[in-house]
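Descriptive structure summary
Spelled out from the first residue to the last, the chains are:
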Amino acid sequence: MPGLHTIVCLKVVPKSEEVSVDPETRTLDRGNARSEINGQDMNALEAALDLKDTYGGRITILSMGPPFFEPFLRLGLAMGADAAYLMSDRAFGGADTLATSYTLAAGIKAIGGCDLVLCGEESSDGATAQVPPGIAEWLDLPQITYVSRVQVMKKARLLRARRQLQSGYEMVETLLPCVLSVKLGINEPRFLDFQRWEWAMEEAPVTVWTAADLGLDEGYLGLPGSPTAVSSVGAAPSAQRRGEFLSGTPQEEAQQLLERIRPLVRLS
Amino acid sequence: MIEPRYGLQEARGIWVHLEHEDGALEGVSLELLGRARTLADQRREPLTGVLLGGDVQPLAAEAIACGADTVILAEHPLLEPYTTDPQTKVMAGLVLEHKPDMLLLGATPNGRDLAGRLAVRLRTGLTADCTDLTIDEKSGLLVGEVTGFGQGILATIECPRHRPQMATVRPGVFTRPQPDPSRQGDVRLVPVELSEADQRVRVLRRSTSKGVDITQAERLVVGGRGVQGDFALLKKLARLMGADVGASRVAVDQGWVGHDRMIGQTGSITRPKLAIVCGVSGATQFTVGIQDAETVVAINSDREAPIFETADYCIVDDVFQVLAPLIDALEREKAGKKG
């Protein structure tokens, strides 16, 4: 029996601490921000690698974004993934979650489907968590979101997962294929494998697809495929705070603090 | 453009998806009803609560008392507990039949799970995790305010041509309305057609507890990355001063405390009189969750941490070195009172 074929959706995001608002134009200035693979997506990739270690099979990385994403996909290949596809086209630009999930779902179909789609629960920049359920809906597959643990019973093609609830958790199961979104920090992503490094950087297959390559309907892509529109971007009003710095030894700081907040404390 | 499922002219009314757990409506659903009541009055349109579940009729009265004109009840064993497929199928059917103008959901794990799937089935726009909802006077459009990443970024998002205009809102963003038991409303029980084939994900077991509701806390002691997993002193201080314990996302993702204690964009929005924030760096995603606190204390060993820009009292020092004498002083006072 062949192993699992897992598709991991990866997004490259600007390091959030390096993004700022341009005070003149009040728009996002990502110019100087360095990029990284979205943290949750690294956890999704590690979960896929872990399943591959256990059951064999292969991992395909899928991403939508500009050409500069490619070296990041190669990092994923060096970690242990087998192939990568980058959907890169100006027509994909400005996509909201409806258009993004449509495009990624089309990519998954073009790859030829898989046993399991693994995503991070959300991206650190958009943070909507809407793309994984969106992909599942476009593909008409079951979805399990906010997953912290995965177990596959390969013979039965059954997947069990532990999923976050507002006030607890639940154990759920479904048949493969399905779409999962995993929570940030559920595992420790491994270091890249130096034996794979040269292969990943030079020989590994990274296929770049445009909308035309897949014959996609432009009405479903990018801005035209996005029902939502950003109507304003600006700096958040900052609350007026005293900003008083207390100093001295920790004991003195604690004493000064207590004098200031004592009326707000109810001893119990 | 993606073809909308129904036209702007047909769309009417505001819907709130009413989430429930252990036989009670979620706080965020009540908060949404309160806000949606204001928006519905502004639009002069009806407000409808949608309740899906096994036996949820008893919850309808509270929804009406909190502002709903009508409650649509869909009852079926496959709607309880929440799973994606049956809830999406029933919600999508109801939306396409009644054509609401807006549909609001709580940004809980299940609310976001449903909203994300439903928006694609309905081919419409969804704004996630709004920190405010208003209606543009001129266009009549729903305007969702969201905080962006990085420091201090605020954006508004609209959905001009697709209906329903969908949005999710975090717990604690809006205040809970005072229930008015004398309010009158309709309860409409609708037929539900579901079969086993409609449920592809099965729940094997669930573990839920009546979690802490930090949105209602008057005092909070909050821990972040800097406490390195050690919440013992924070809990002790919280007990002493009648506070609840909250946490940044990092602390929750590390499993140091439960999800119900998460503050910020991905957790709850809180409004305490006093928040003592320990070892939290203070990215916007966190600070939106305490910006309405009356007094904020920040303790962090990093002088450059942005949390100090949003605090009233700032201490640049080791969290535990400061908490220990603070706890000592409060304990002495307490003992003195008793003696």
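Residues numbered from 1 in each chain as written. Chains lettered and ligands numbered in written order. Predicted model: local features only at pLDDT ≥ 70, side-chain atom pairs only at ≥ 80, totals over all residues.

1. Points about the domain arrangement of chain B
Residue and element names in this part refer to chain B. Under the domain assignment used here, chain B contains domain 1 (14–198) and domain 2 (214–338). Taking only C-alpha atoms into account, the centre of domain 1 sits 32 Å from that of domain 2. At the junction of the two partners, domain 1 supplies 12 residues and domain 2 supplies 9 residues. (Domains from an automatic or database assignment. Contact = placed C-beta atoms within 7 Å.)

2. Here's the deal with the pairing of strand β8 (residues 116–120) of chain A
Walk down a regular strand and you will see the side chains alternate between the two sheet faces. Residue and element names in this part refer to chain A. With respect to burial, β8 is a largely interior element, 5 of its 5 residues being buried. The alternating pattern of β8 places Leu116, Leu118 and Gly120 and Val117 and Cys119 on opposite faces, both of which are buried. In the sheet, β8 pairs with strand β12 (residues 178–182) via 5 bridges, with the strands oriented parallel. Each bridged residue has a counterpart across the sheet, and for cysteine 119 the counterpart in β12 is serine 181. (Buried ≥ 20, exposed ≤ 12 C-beta atoms within 10 Å, placed from the backbone. Helix = DSSP H or I, 4+ residues; strand = E, 2+ residues; numbered from the N terminus. Pairing = 2+ DSSP bridges.)

3. Focus on the sheet that holds strand β7 (residues 83–87) of chain A
Sheet strands associate in pairs through backbone hydrogen bonding, adopting either a parallel or an antiparallel arrangement. Read across the sheet, 10 strands follow the order β13(A)-β7(A)-β6(A)-β1(A)-β8(A)-β12(A)-β9(A)-β10(A)-β11(A)-β13(B) without closing on themselves; strand pairing throughout is mixed. Sheet topology places β13 (206–209) of chain A together with β13 (202–208) of chain B at the edges, where each strand pairs with a single neighbour. When the angles between neighbouring strand axes are averaged without regard to direction, this sheet yields 25 degrees. Two strands pair when backbone bridges link them, and strand β10 (residues 158–165) of chain A and strand β11 (residues 168–175) of chain A are joined in this way by 8 bridges, in the antiparallel orientation. Each residue of the ladder has a partner; that of glutamine 164 of chain A, found in β11 of chain A, is tyrosine 169 of chain A. Each of β8, β9 (143–153) and β12 of chain A is contacted by helix α4 (residues 131–139) of chain A, which is oriented at about 65 degrees to β9 of chain A, the strand it contacts most. (Axes fitted to C-alpha atoms, helices over the stretch in contact; angles between N-to-C directions.)

4. A few points about the pairing of strand β9 (residues 142–147) of chain B
Residue and element names in this part refer to chain B. When you tally the buried positions in β9, you get 5 out of 6 residues, the bulk of the element. Pairing of strand β8 (residues 132–135) with β9 involves 4 bridges; the strand directions are antiparallel. Following the sheet pairing, threonine 134 is matched in β9 by valine 143. Hairpin connection from β8 to β9: 6 residues lie between these consecutive antiparallel strands, with glycine 140 at a positive phi of about 75 degrees. Summarising the sheet, β9 and strand β10 (residues 153–158) pair through 4 bridges and their orientation is antiparallel. Bridge pairing links glutamate 145 to threonine 156 in β10.

5. Focus: the interface of chain B and chain A
Contacts between chain B and chain A engage 86 residues on the former and 75 residues on the latter. With 9 residues, helix α4 (residues 109–121) of chain B is the largest single contributor of residues to the side of chain B that touches chain A. Considered class by class, the residues forming the side of chain B that touches chain A number 34 nonpolar, 28 polar and 24 charged. Where strand β15 (residues 244–246) of chain A and strand β18 (residues 313–316) of chain B come together, 3 bridges link them in parallel fashion. (Nonpolar A, V, L, I, M, F, W, Y, C, P; charged D, E, K, R; others polar.)

6. Focus: the nonpolar core
One finds Val8, Val117, Leu118 and Leu180 of chain A together with Leu51, Ala63 and Val169 of chain B to be the most contacted residues of the largest nonpolar core, which totals 130 residues. Each residue touching valine 169 of chain B, except ones within four places of it in the same chain, is listed here: Val28, Leu32, Leu104, Gly106, Ala107, Cys130, Leu133 and Phe174 of chain B. Formed by 49 residues, the second largest nonpolar core is a distinct cluster that contains Ala254 of chain A together with Ile276, Val280 and Val297 of chain B. (Core = buried A, V, L, I, M, F, W, Y, C linked by C-beta atoms within 7 Å.)

7. What about the packing of helix α2 (residues 70–79) of chain A against helix α5 (residues 194–203) of chain A?
All names here are of chain A. Following both chains from N to C, one finds α2 and α5 inclined at 145 degrees, their axes separated by 8 Å at the closest point. Relative to α5, α2 is oriented so that their crossing is right-handed. Here Arg74, Leu77 and Ala78 of α2 come into contact with α5, specifically with Arg196, Trp197, Ala200 and Met201. Among the residues forming the contact of α2 with α5, the class breakdown is 5 nonpolar, no polar and 2 charged. (Left-handed = near helix turned anticlockwise from the far one by under 90°.)

8. As for the sheet that holds strand β6 (residues 102–106) of chain B
Residue and element names in this part refer to chain B. Pairing in this open sheet of 7 strands is parallel, and the strands run β7-β11-β6-β1-β4-β5-β12 from one edge to the other. Looking at the sheet topology across the chains shown, the edges are occupied by β7 (126–130) and β12 (186–190). Strand-to-strand, the axes of this sheet are offset by a mean angle of 20 degrees, without reference to chain direction. With 5 bridges joining them, strand β5 (residues 70–75) and β12 adopt parallel strand pairing. Along β12, the bridge assignment pairs leucine 73 with leucine 189. Sheet contacts for helix α1 (residues 27–43): β1 (14–18), β4 (47–53), β6 and β11 (165–169); angle to β1, the most-contacted strand, approximately 175 degrees.

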